[in-house]
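Next come the chains, spelled out residue by residue.
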Amino acid sequence: MENNLKELLVFLTPLLFIANLVQSLFYLPAAAKVEGKGSMPRVLYYALLFVFFAAMMFSILTPSLLLMWVAIELTTLVSAPLIAYHSTKDSLEAMWKYLLICSIGIAFALFGTMLVLYAQSTESAKWYMAGFAFILAGYGTKMGLSPFHTWLPDAHSEAPAPVSALLSGALLNCSFFAIVRFREIMPDGASLFCDLAMLFLGLLSVAVGAVFMVRQTDYKRLLAYSSVEHIGLITVLYSLYSTSASQKLVMAAILLHIAAHSLTKTMLFQLAGNLLLAFQTRAISVVQGLGEVMKKEAALWISGFILICGMPPSALFLSELGLVFSAPIYVSVIVLVLLFVVFAAMMKAALNMTMGRPLAHYNKLPKRLIIVPSILFVMIVAGGTIASAYILISGGVK
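In this text the structure is predicted, and so the values were computed from the model without any measurement.

Another aspect to go through is helix α10 (residues 247-279). For an α-helix, 3.6 residues make a turn, and residues three or four places apart therefore share a direction. For α10, which comprises 33 residues, the first-to-last C-alpha distance of 47 Å matches the rise-based estimate of 48 Å (1.5 Å per residue) to within 8%. Extensive coverage of α10 is indicated by the burial of 28 of its 33 residues. Just beyond α10, the residue with positive phi is Gln 280, at close to 60°.

Our next topic: a nonpolar patch on the surface. Side chains of Ile 329, Tyr 330, Val 333, Ile 334 and Val 337 sit close together on the surface and give an oily, nonpolar patch of about 490 Å² of accessible area. Counting through the fold element by element, Val 337 comes out in helix α14 (residues 329-354).

This paragraph deals with the packing of aromatic side chains. Counted under the stated rule, the structure contains 15 aromatic pairs. With centroids separated by 5.1 Å and ring planes inclined at 70°, the aromatic side chains of Phe 17 and Phe 50 adopt a geometry described as edge-to-face. Of this pair, Phe 17 sits in helix α1 (residues 2-35) while Phe 50 is found in helix α2 (residues 42-61), placing the two residues 33 residues apart along the sequence. By relative accessible area, which is 5% here, Phe 17 ends up buried. Judged by relative accessible area, Phe 50 falls into the partly exposed class, the value being 42%. Centre to centre, the rings of Tyr 118 and Trp 127 are 5.2 Å apart; their planes meet at 85°, and the pair counts as edge-to-face. Clustering of aromatic rings is evident, with ring pairs tying together Phe 17, Phe 50 and Phe 53.

Inspection of the secondary structure assignment puts Leu 223 in helix α9 (residues 219-241). Sequence-wise, Leu 223 and Phe 305 are 82 residues apart; in three dimensions their C-alpha atoms are separated by 9.4 Å.

Another aspect to go through is the nonpolar core. Core analysis: the biggest nonpolar cluster contains 145 residues, and Tyr 139 and Trp 301 have the highest contact counts within it. For this core, the leading source of residues is α10, giving 19 residues. Filtering out sequence-adjacent residues up to four positions away, Trp 301 remains in contact with Tyr 219, Leu 223, Leu 268, Leu 271, Ala 272, Leu 275, Leu 290, Ala 350, Met 353 and Thr 354.

What follows concerns unusual backbone geometry. With omega at 10°, the peptide bond leading from Ser 146 into Pro 147 counts as cis. Of note, the bond from Pro 312 into Pro 313 is cis; its omega dihedral lies within 30 degrees of zero at 10°. In this fold, Pro 313 is placed in the loop between α12 (295-308) and α13 (315-326). Of note, the phi angle at Gln 280 is positive, near 60°, even though the residue is not glycine. With respect to the secondary-structure elements, Gln 280 resides in the loop between α10 and α11 (290-293). Residue classification places Gln 280 among the partly exposed positions, given a relative accessible area of 42%.

Definitions and limits used
Residues numbered from 1 in each chain as written. Predicted model: local features only at pLDDT ≥ 70, side-chain atom pairs only at ≥ 80, totals over all residues. Heavy atoms only, no water. Helix = DSSP H or I, 4+ residues; strand = E, 2+ residues; numbered from the N terminus. Expected span 1.5 Å × (residues − 1). Buried < 20%, exposed > 50% of the residue type's maximum accessible area, 1.4 Å probe, protein only. Patch = residues over 30% accessible without salt bridge, like charges linked within 9 Å, V, L, I, M, F, W, Y side chains within 5 Å. Areas by Shrake-Rupley, 256 points an atom, 1.4 Å probe, with all protein chains shown as cover. Salt bridge = Lys/Arg side-chain N within 4 Å of Asp/Glu carboxyl O. Phe/Tyr/Trp six-rings, centres within 6.5 Å; stacked < 30°, edge-to-face > 60°. Core = buried A, V, L, I, M, F, W, Y, C linked by side-chain atoms within 4.5 Å. Contact = heavy atoms within 4.5 Å.

Remember that the coordinates give geometry; whether it matters functionally is a separate question.
In structure tokens, the structure reads:
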């Protein structure tokens, strides 16, 4: 599992970085004209963005567990100023909240790493379990697992759109990869504890994401809680991997879910940035009538919501189907009920925003801001269609 996930992230992370680098080149000049408020120098922004990308890649590629910890800690330090790009009261608060919570989490991860290294010398399953508990809490904080997710909605909603997209689409994957690396070295005596802990936190994350999406009034925070939900689904899937009768099915579902979520959420956060520039608000109740005034954005927006909810031709449909087939019946029932709640909440918001008549004045945006989201949409639909066709032709993953 570790090698397959590493291969995916080595391809996916640079792709997401390039997509958001290009979008930054389009977005920041438009934001400067529309918002007209203080922000960090562009040179510093791009320097931090490149270091952020380098730290994520190093965390994936390094063979050392300690150096991986250093790299993930570096992602915290360099991404925090990007969250406070606009230097507003809310963005500064989100940055400090992110720094504080993630620093505590990464300290737990370091302590867990030390416990696991000690357990390797003693071969004690109890020390392995203690170490993994701290690893799951520590890297789970950076990953956005509930109840350690509280930094995520603020950071994702306050950061510039390309940064939000990288945080959700790329950084969360790196933290999940760290958990996978530690789970792979757990002995049989600690396996059940590790899987049950991941299953519990995964289901809790899906539930928390669903509950907070139901009455959400901020569309960027809505997307942030969607990330909490999908991270939960990925964790539930991985908790089933070691005991599944069809490990290939579960592994394919995990990889499909990570890729589809990262690309779709990147597209949606970029579109959310465009809507914020156009309407100067994140309120769902104000941004209405997109189908009349911003037809291309409206089409991509509602299509993105359909795809992120796991409807065909999204690859998320296949991965969630794989979860339902692989999980015990009680887990499948819980997940299906929560997914229905998520679908209802997200589609209500999407339809309210795209239908009806505009309620507020909007700023016309440069056409180039829609280029990258459009390309990502084509990739998502094409990838989901190809994956579906392959499974149908091959008769499923055995």
